[in-house]
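# Reading the structure
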Amino acid sequence: MSDEQDTEYELTMPMVLVQSQGGPFDDAAFVAGYTCGAIDQELSLASALNAVPAARYVNARYLKQIDLVAMRHQYTLEMGELDEASGWQMVTFARA
């Protein structure tokens, strides 16, 4: 098994659509979509308010998609430090 398959997610609310809960969708894919969707919503609101979202760590595997989301809302994605052990990378957003 790869590290990706060994990853477990602790959910803050029941996600009944994922395979680990008997649903039809892959857990990791669901988490990726949920995470990128939340960032999309945050950047949409921040853009409307002419604000810059706070820096945060994100799963480095999501960076290509998050970069596209940022561009959609006229932000640039700036990469910070990568925690190689966890695979999470610090990112900041700036107005384009």
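In this report, we go over the structure that sits alongside the text. (Residues numbered from 1 in each chain as written. Predicted model: local features only at pLDDT ≥ 70, side-chain atom pairs only at ≥ 80, totals over all residues. Heavy atoms only, no water.)

### Re the pattern of salt bridges
Within the structure shown, the criterion is met by two salt bridges. A salt bridge links D40 to R72, with the shortest nitrogen-to-oxygen separation between them at 2.8 Å. Separated by 32 residues along the polypeptide, D40 in helix α2 (residues 27-48) and R72 in helix α3 (residues 63-72) bring together distant segments of the chain. (Salt bridge = Lys/Arg side-chain N within 4 Å of Asp/Glu carboxyl O. Helix = DSSP H or I, 4+ residues; strand = E, 2+ residues; numbered from the N terminus.)

### Focus: unusual backbone geometry
Backbone geometry follows two general trends: most residues other than glycine have a negative phi, and most peptide bonds adopt the trans configuration. Notably, N50 is not glycine yet its phi reads approximately 55°, a positive angle. Accessibility expressed as a relative area gives 58% for N50, which makes it exposed. In this model, Q74 sits at a positive phi of 65°, which is unusual for a non-glycine residue. Residue position: Q74 is located in the loop between α3 and β2 (75-83). (Buried < 20%, exposed > 50% of the residue type's maximum accessible area, 1.4 Å probe, protein only.)

### Some words on the environment of I66
In this fold, I66 is placed in helix α3. Each C-alpha atom of the pair I66 and C36 lies 6.3 Å from the other, and the pair is 30 residues apart in sequence. Residues contacting I66, with those up to four places away along its chain left out, are C36, I39, V58, L77 and F93. (Contact = heavy atoms within 4.5 Å.)

### Remarks on the nonpolar core
Counting residues in each nonpolar core, the largest one holds 16 residues, and the members touching the most others are I39, L43, I66, L77 and F93. Here this core takes six residues from α2, the largest share from any one element. (Core = buried A, V, L, I, M, F, W, Y, C linked by side-chain atoms within 4.5 Å.)

### Here's the deal with the environment of L63
Along the chain, the position of L63 falls in helix α3. Residue class for L63 comes out buried when judged on its relative accessible area of 11%. L63 sits 26 residues away from Q89 along the chain, and the two C-alpha atoms are 8.7 Å apart. Contacts of L63, omitting those with residues within four sequence positions, involve V58, L77, M79, Q89 and V91.

### Some points on the pairing of strand β3 (residues 88-95)
Alignment of strand β1 (residues 56-59) against β3, held across four bridges, turns out to be antiparallel. Following the sheet pairing, R56 is matched in β3 by V91. Taken together, the seven bridges between β2 and β3 define a ladder with antiparallel strand orientation. From the neighbouring strand, T76 faces β3, where its bridge partner is A94. Linkage of β2 to β3, two consecutive antiparallel strands, is achieved through a turn of four residues, within which G87 is found at a positive phi near 85°. (Pairing = 2+ DSSP bridges.)

### A look at the side chain of H73
Relative to the helices and strands, H73 resides in the loop between α3 and β2. For H73, a relative accessible area of 9% puts it in the buried group. If near-sequence neighbours (up to four positions away) are discounted, H73 is found in contact with D40, L43, S44, S47 and R95.

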